[in-house]
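Examining the three-dimensional arrangement
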Amino acid sequence: MAHNLGTHFGCMEPRNVCWAHGVNSSEALDVALADASCHMIEADLLIRGASTRSSKAAARWKAAGSSTGALTARDVIMCHPPAVDGDLTFDQFFKRVFLAVKAGRRVGLKLDFKDADAVLPCVRLLRDSNVGIYDASYVGAHASTRTMPIWLNADVIRGPGGRPPIPGEPFVARCLEHCPSATLSLGWTTSGTPRLGYSRRMVEQMRALTANVRAHVTFAPSAAHLFASAETPRAGILALLEEKAVTGGGTSSDAAEATVKSGGTSGDKKTAEDACGPRVSSANVDLAPATPRRSPSKPASVTEHADIFSVLSAAIASPSKATDPVAAAAAPPPRPAPRTITVWGPATPRVRRWFLNALPANKTYVDVKPSNAIESAVIGAYVATRPLYARLFP
């Protein structure tokens, strides 16, 4: 299941979806929830006091006699670096959005992880709250929260002038394990460098990471960097939008395992548990109201045997696991793994006109903002010189 936000919010094309940026405070959240024209709330997450770990979380770890401790959603703060603290924890943020959606507010979440340690406690809270597990066609119990779009974003490839990324393999694996229906928004790190544009190596690293991901992936390049890229890497990013056919019978855990084993680019052999933080204890997590993961139309007796039926179905549906040639022949055809693109960041009118014409309307989300004077000057220089270098330096 993948959410088409244009269809979900009734705004026709994906590019018409409206975003609230940097909703990292209680006041900003109030404004976003009160604005009916806002479809998706984007917020940044990291561990409180992440630069020094000198925080309440650190005190709790020390009291527990552990150097790592068990992080919860209360230890994740909504803020964007270089800030390391704020007035809203993810636990509080999510509860307020959850209750607003339950009361009738139609909105989705894009969670931008700035700290690998923040991933696990957040995806576990999302999983235990049963949000975003169905698309907009679902009409059963708790439909408002169960159909809420969830995007999990991280910069997982080192980009032009960028900082070290969040390890891509464990991030994807952890998200697929706990939130298999969420959209993975994967991007490249950037900085304030005046040098714009992606390289072929950066594109190939992203291709390798996502090759076996059986979920909706939206690639998140900076609009300015994408425009300034030479012909070859720009074409390579657009080629990532081709939907890949994947086996119809795989499970989310299979996908996570496949991603860790064959999708990586960094060569790091650490597990998802190592790179995305310690396993979380849910004892101190305040969960939003959750319900069993079964259709309200099914009797309890069916649910009790769901594990048996799942095993049998997986054995029949997956050609790689089937031992009977007849069963393999009867397997469902491969299904497409959706691929879209989300352009973000500062963009001049010239850059905006370019991507609105060059990118496919049915696969493009637009999350850009106007550029300031310095950004306009840098981007303008690339607008003027691109015809000279784009073909000379592929």
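Residues numbered from 1 in each chain as written. Predicted model: local features only at pLDDT ≥ 70, side-chain atom pairs only at ≥ 80, totals over all residues. Heavy atoms only, no water.

Before going further, it helps to examine the overall build of the protein. Assigned secondary structure in the protein consists of 17 helices and 11 strands. Here the protein, with 394 residues, has 48% of them falling under the buried criterion. Contacts spanning at least 24 positions in sequence make up 77% of the contacts within the protein whose residues lie at least 6 apart. (Helix = DSSP H or I, 4+ residues; strand = E, 2+ residues; numbered from the N terminus. Buried < 20%, exposed > 50% of the residue type's maximum accessible area, 1.4 Å probe, protein only. Contact = heavy atoms within 4.5 Å.)

On to the packing of aromatic side chains. This structure, assessed with the given rule, holds nine aromatic pairs. Where Tyr-134 meets Tyr-138, the ring centres are 4.1 Å apart and the plane angle is 10 degrees; that geometry is what we call stacked. With a centroid separation of 4.9 Å and 45 degrees between ring planes, the pair formed by Trp-188 and Tyr-198 is classed as tilted. With Trp-188 in strand 6 (residues 183-188) and Tyr-198 in the loop between strand 6 and helix 8 (200-210), this pair connects stretches of sequence that are 10 residues apart. Taken as a pair, Trp-188 and Tyr-198 share a single burial class, namely buried. (Phe/Tyr/Trp six-rings, centres within 6.5 Å; stacked < 30°, edge-to-face > 60°.)

Judged by nonpolar contacts, the single largest core of 80 residues is most densely connected at Ile-41, Phe-90, Phe-93, Phe-113, Leu-152, Phe-171 and Phe-355. Ranked by residue count, the leading element in this core is helix 4 (residues 90-102), at seven residues. For Phe-355, the residues in contact, after removing those within four places along its chain, are Ala-223, Val-343, Ala-347, Val-366 and Val-368. (Core = buried A, V, L, I, M, F, W, Y, C linked by side-chain atoms within 4.5 Å.)

If you walk through the whole model with that rule in mind, you get nine salt bridges. Note that Arg-48 and Asp-85 form a salt bridge whose closest N and O atoms lie 3.0 Å from each other. Linking Arg-48 in the loop between strand 2 (40-47) and helix 3 (56-63) with Asp-85 in the loop between strand 3 (76-78) and helix 4, this pair joins segments that are 37 residues apart in sequence. Two residues, Asp-112 and Lys-114, come together in a salt bridge whose shortest N-O distance is 3.1 Å. (Salt bridge = Lys/Arg side-chain N within 4 Å of Asp/Glu carboxyl O.)

Of the two faces of strand 7 (residues 217-220), the one holding Val-217 and Phe-219 and the one holding Thr-218 and Ala-220 are both buried throughout. Bridge count between strand 6 and strand 7: four bridges; the pairing is parallel. Its bridge partner lying in strand 7, Gly-187 is registered against Ala-220. Relative to strand 10 (residues 339-347), strand 7 runs parallel, the two sharing three bridges. Residue pairing in the sheet places Phe-219 in a bridge with Ile-341 of strand 10. (Pairing = 2+ DSSP bridges.)

In this structure, Pro-170 sits in helix 7 (residues 168-178). As for Pro-170 and Val-119, which are separated by 51 residues in sequence, their C-alpha atoms are 9.9 Å apart.

This next bit is on the packing of helix 8 against helix 10 (residues 231-239). When two helices pack together, their arrangement is given by the angle between their axes and by how far apart the axes lie. At a closest axis distance of 8 Å, the pairing of helix 8 and helix 10 adopts a crossing angle of 15 degrees. The orientation of helix 8 relative to helix 10 falls into the category roughly parallel. Of the two elements, helix 8 crosses helix 10, and the hand of that crossing is left-handed. Seen from helix 8, the contacting residues are Arg-200, Val-203 and Arg-207; seen from helix 10, they are Thr-232, Pro-233, Gly-236 and Ile-237. A breakdown of the residues in the contact of helix 8 with helix 10 according to their chemical character gives three nonpolar, two polar and two charged. (Axes fitted to C-alpha atoms, helices over the stretch in contact; angles between N-to-C directions. Parallel < 35°, antiparallel > 145°, perpendicular 65-115°, else oblique. Left-handed = near helix turned anticlockwise from the far one by under 90°. Nonpolar A, V, L, I, M, F, W, Y, C, P; charged D, E, K, R; others polar.)

Our focus in this paragraph is the pairing of strand 6. In terms of burial, strand 6 is largely enclosed, as six of its six residues are buried. Covered by surrounding structure in strand 6 are Thr-183, Ser-185 and Gly-187 together with Leu-184, Leu-186 and Trp-188, the residues of both alternating faces. Between the parallel pair strand 5 (residues 150-157) and strand 6, the chain is carried across by helix 7, and the sense of this crossover is right-handed. (Right-handed = clockwise from strand over helix to strand, strands pointing away.)

The next subject is the packing of helix 4 against helix 5 (residues 119-128). One can describe the packing of helix 4 onto helix 5 by two numbers: an axis separation of 11 Å at closest approach and a directional angle of 25 degrees. Relative to helix 5, helix 4 is oriented roughly parallel. Where helix 4 crosses over helix 5, the handedness of that crossing is right-handed. Facing helix 4, whose interface residues are Phe-90, Asp-91 and Phe-94, helix 5 presents Cys-122, Leu-125 and Leu-126. Looking at side-chain class alone, the contact of helix 4 with helix 5 contains five nonpolar, no polar and one charged residues.

Turning our attention to the state of the cysteines. Note on terminology: disulfide describes a covalent bond linking the sulfur atoms of two cysteines. This model, assessed by the stated rule, comprises zero disulfides. Free of any disulfide, Cys-38 has its nearest neighbouring cysteine sulfur in Cys-18, separated by 7.8 Å. According to the relative accessible area criterion, Cys-38 is buried, its value standing at 3%. Lacking any disulfide linkage, Cys-179 is separated from the closest cysteine sulfur, that of Cys-175, by 6.8 Å. (Disulfide = S-S within 2.5 Å.)

Turning to helix 16 (residues 349-358), its buried residues number three or more, namely Val-351, Trp-354 and Phe-355. The arc that holds the buried residues of helix 16, viewed along the axis, is 85 degrees, so those residues lie on one side. Across from the buried face of helix 16, at angles greater than 90 degrees, the exposed residues are Pro-349, Arg-353 and Asn-357. (Arc of directions from axis to C-beta.)

Residue position: Ser-229 is located in the loop between helix 9 (223-228) and helix 10. We classify Ser-229 as buried; its relative accessible area is 1%. Reaching out from Ser-229, the side chain makes a polar contact with the backbone nitrogen of Tyr-198 at a distance of 2.8 Å. Not counting residues up to four positions away in its chain, the partners in contact with Ser-229 are Gly-197, Tyr-198, Arg-234 and Arg-386. (Polar contact = N/O pair within 3.5 Å; in protein donor to acceptor, adjacent residues only side chain to side chain.)

The next subject is helix 10. Those residues of helix 10 lying buried are Pro-233, Arg-234, Gly-236 and Ile-237. Looking straight down helix 10, one finds its buried side chains confined to an arc of 160 degrees; they lie on one side.

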